[in-house]
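So you can see what is in the structure, the chains are spelled out below.
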Amino acid sequence: MRLPLPSAAAAVAAVTAVAAAALALPPGAAAFAAEGAGASSFTISDPRIKESSGLAASRIHPGVYWTHNDSDDGPYVYAVDSATGKTVARVTLTGIGKPRDVEAISLGPDGQLYVGDIGDNRNGTWDHVWIYRFPEPKTLGDVTVKATQFTVRYADGPRNAEALMVHPVTGRVYIASKDENKGGLYEGPAELVAGDGASNVFRRVADVPWVTDGAFSPDGGRLTLRGYFTARTYPWKDGRPQGGGERVDAPWQGQAESVTYTPDGAALMFGAEGEGSRVIAVPVTTPPPSAAAPKPGSPADPNPSPEPTGSFGKGALVLAGGLVLVFAAKRLLRRRPRD
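Residues numbered from 1 in each chain as written. Predicted model: local features only at pLDDT ≥ 70, side-chain atom pairs only at ≥ 80, totals over all residues. Heavy atoms only, no water.

**Student:** Before we go on, may I ask you to explain the packing of aromatic side chains in this structure?
**Tutor:** Remark: the centre distance and the inter-plane angle together describe each pair of aromatic rings, the angle taken between the planes. The tally for this structure, following the rule as stated, stands at seven aromatic pairs. Three or more aromatic residues link up through ring pairs in this structure, and these residues are Tyr-174, Phe-216 and Trp-236. Sitting over the ring of Tyr-76, Arg-90 keeps its end group 3.9 Å from the ring centre. Between Arg-100 and the ring centre of Trp-130, over which it is positioned, the NZ or CZ distance is 4.3 Å. (Phe/Tyr/Trp six-rings, centres within 6.5 Å; stacked < 30°, edge-to-face > 60°. Lys NZ or Arg CZ within 6 Å of the ring centre and 35° of its normal.)

Right, dumping it as structure tokens:
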């Protein structure tokens, strides 16, 4: 339930406007951010999709992307045609409990979609979360499918998370926690187990920055993680991200919530919450080898190279203060925690 607090809403709007102004791009760059890779970018037109929080590119339906609402929508997953922005299928999941806070979706090498009910409206106090899995439908249209539900726990205790990634080669599931200070990348067991009393323990394998979503490249060689204001791509080797990652020129989207690769790996698709939200394509530039770089969480390079002056370099100091106000106001506006 959203609380009737116009003053808090005004604060969010005001700070967002300041942040957008601080991140203003030169005219040419702004045009690119607005349109991404031209025809590859699209706008979600379905009014039922108000809080798109995850994206996954279909492998059997060219140009189709799977998405879902954040919460308060029910057990639904939508297929959106990027050529038109229209919904071409709505999948209703059965065989699961009532979703609490669905935040992510990923397609595994087994041809199944994994839906992460991994958010935590109580800021990391639920002792378990869930993953739902079902085969990607071979034909598009409204359909009801029976999904498998997996219970997930973290080895180091409950936490909030918004990113779930299935490795496209090994099929292993990873979750990135969302934390202002230091998030973590968590690795699931080699195979998920379901059933009464079954629990899948995810163990921390790396430190990561503030993350709202993530995706593996189709060949499994890279992992891209995004937050509200930045995104980075890490080489992936031996089941771990390597080095400090390469910066991605992700677009400014306000409530930036999702990212996925196109099936050919040539572009990253960045999505956001909001009715009529735009999904923006950003061409992929292959990062240089960085296997010798320190792993995430290691001491910083004493002589780091300067950060690119793109859409996230400008206004960083303004955003540091603005971000605090945005999230303070947003917490007032969000629904009350549910049991």
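Don't stop here, the text continues.
**Student:** I keep staring at the sheet that holds strand β1 (residues 42-43) and nothing clicks. Help me out?
**Tutor:** Pairing between the strands of a sheet is mediated by backbone hydrogen bonds and can be parallel or antiparallel. Pairing is antiparallel in the open sheet, where four strands are placed in the order β1-β22-β21-β20. Of all strands in the sheet, those bounded by a partner on one side alone are β1 and β20 (256-261). Here two bridges tie β1 to strand β22 (residues 278-283), and the two strands are oriented antiparallel to one another. Among the inter-strand pairings, Thr-43 is bridged to a residue of β22, identified as Arg-278. (Pairing = 2+ DSSP bridges. Helix = DSSP H or I, 4+ residues; strand = E, 2+ residues; numbered from the N terminus.)

**Student:** I tried to follow the pattern of salt bridges on my own but got confused; where do I start?
**Tutor:** A side chain of one charge can pair with a side chain of the opposite charge when the charged atoms of the two come close. Applying the stated rule across the entire model yields eight salt bridges. For Asp-46, the salt bridge goes to Arg-48, with nearest N and O atoms at 2.8 Å. With relative accessibility at 37%, the residue Arg-48 sits in the partly exposed group. The salt bridge involving Arg-240 is made with Glu-187; its shortest N-O contact spans 3.2 Å. Here Arg-240, found in strand β18 (residues 240-241), pairs with Glu-187, found in strand β13 (residues 183-187); they are 53 residues apart in sequence, far enough to count as distant. By relative accessible area, Arg-240 is classed as partly exposed at 26%. Each of Arg-172, Glu-187 and Arg-240 takes part in a single network of salt bridges with overlapping partners. (Salt bridge = Lys/Arg side-chain N within 4 Å of Asp/Glu carboxyl O. Buried < 20%, exposed > 50% of the residue type's maximum accessible area, 1.4 Å probe, protein only.)

**Student:** I'm lost on unusual backbone geometry in this one. Help?
**Tutor:** Excluding glycine, residues mostly carry a negative phi; peptide bonds, for their part, are mostly trans. Unlike most non-glycine residues, Asp-238 shows phi in positive territory, near 55 degrees. Position of Asp-238 relative to the elements: it lies in the loop between β17 (231-237) and β18. Judged by relative accessible area, Asp-238 falls into the exposed class, the value being 69%.

**Student:** Got a minute to help me understand the side chain of Thr-212 in this structure?
**Tutor:** Among the secondary structure elements, Thr-212 is positioned in the loop between β14 (200-208) and β15 (213-216). Residue classification places Thr-212 among the buried positions, given a relative accessible area of 0%. A distance of 3.1 Å separates a polar side-chain atom of Thr-212 from the backbone oxygen of Ala-256. Setting aside its immediate chain neighbours within four residues, Thr-212 contacts Glu-162, Ala-163, Lys-178, Arg-226, Gly-227, Tyr-228, Ala-256 and Glu-257. (Polar contact = N/O pair within 3.5 Å; in protein donor to acceptor, adjacent residues only side chain to side chain. Contact = heavy atoms within 4.5 Å.)

**Student:** Please explain the sheet that holds strand β3 (residues 64-67) as it appears in this structure.
**Tutor:** The sheet built from five strands is open, its strands ordered β2-β3-β4-β5-β9 with mixed pairing. On the outer flanks of this sheet lie β2 (56-57) and β9 (143-146), each paired with one strand and no other. Both β2 and β3 contribute to a ladder of two bridges, which runs antiparallel. Among the inter-strand pairings, Ala-56 is bridged to a residue of β3, identified as Trp-66.

**Student:** Where do I start with the environment of Pro-168 in this structure?
**Tutor:** You can see Pro-168 is positioned in the loop between β11 (161-166) and β12 (173-177). Between the alpha carbons of Pro-168 and Ala-215 there is a distance of 9.8 Å; along the sequence they are 47 residues apart. Once residues lying within four places of it in the same chain are set aside, the contact partners of Pro-168 are Arg-59, Pro-109, Phe-216, Ser-217, Pro-218, Asp-219 and Gly-220.

**Student:** Got a minute to help me understand the nonpolar core in this structure?
**Tutor:** As a rule of thumb, soluble globular proteins bury nonpolar side chains together. Core analysis: the biggest nonpolar cluster contains 19 residues, and Trp-66, Val-77, Leu-93 and Phe-134 have the highest contact counts within it. Looking at this core, the elements with two or more residues in it are β3, β4 (76-81), β5 (87-94), β6 (104-107), β7 (112-117) and β8 (129-135). Sequence-distant contacts of Phe-134, defined by excluding residues within four places in its chain, comprise Val-77, Val-91, Leu-93, Gln-112, Leu-113, Val-115, Val-145, Lys-146 and Ala-147. Membership of the second largest hydrophobic core comes to 16 residues, among which are Val-129, Val-152, Ala-161 and Phe-202. (Core = buried A, V, L, I, M, F, W, Y, C linked by side-chain atoms within 4.5 Å.)

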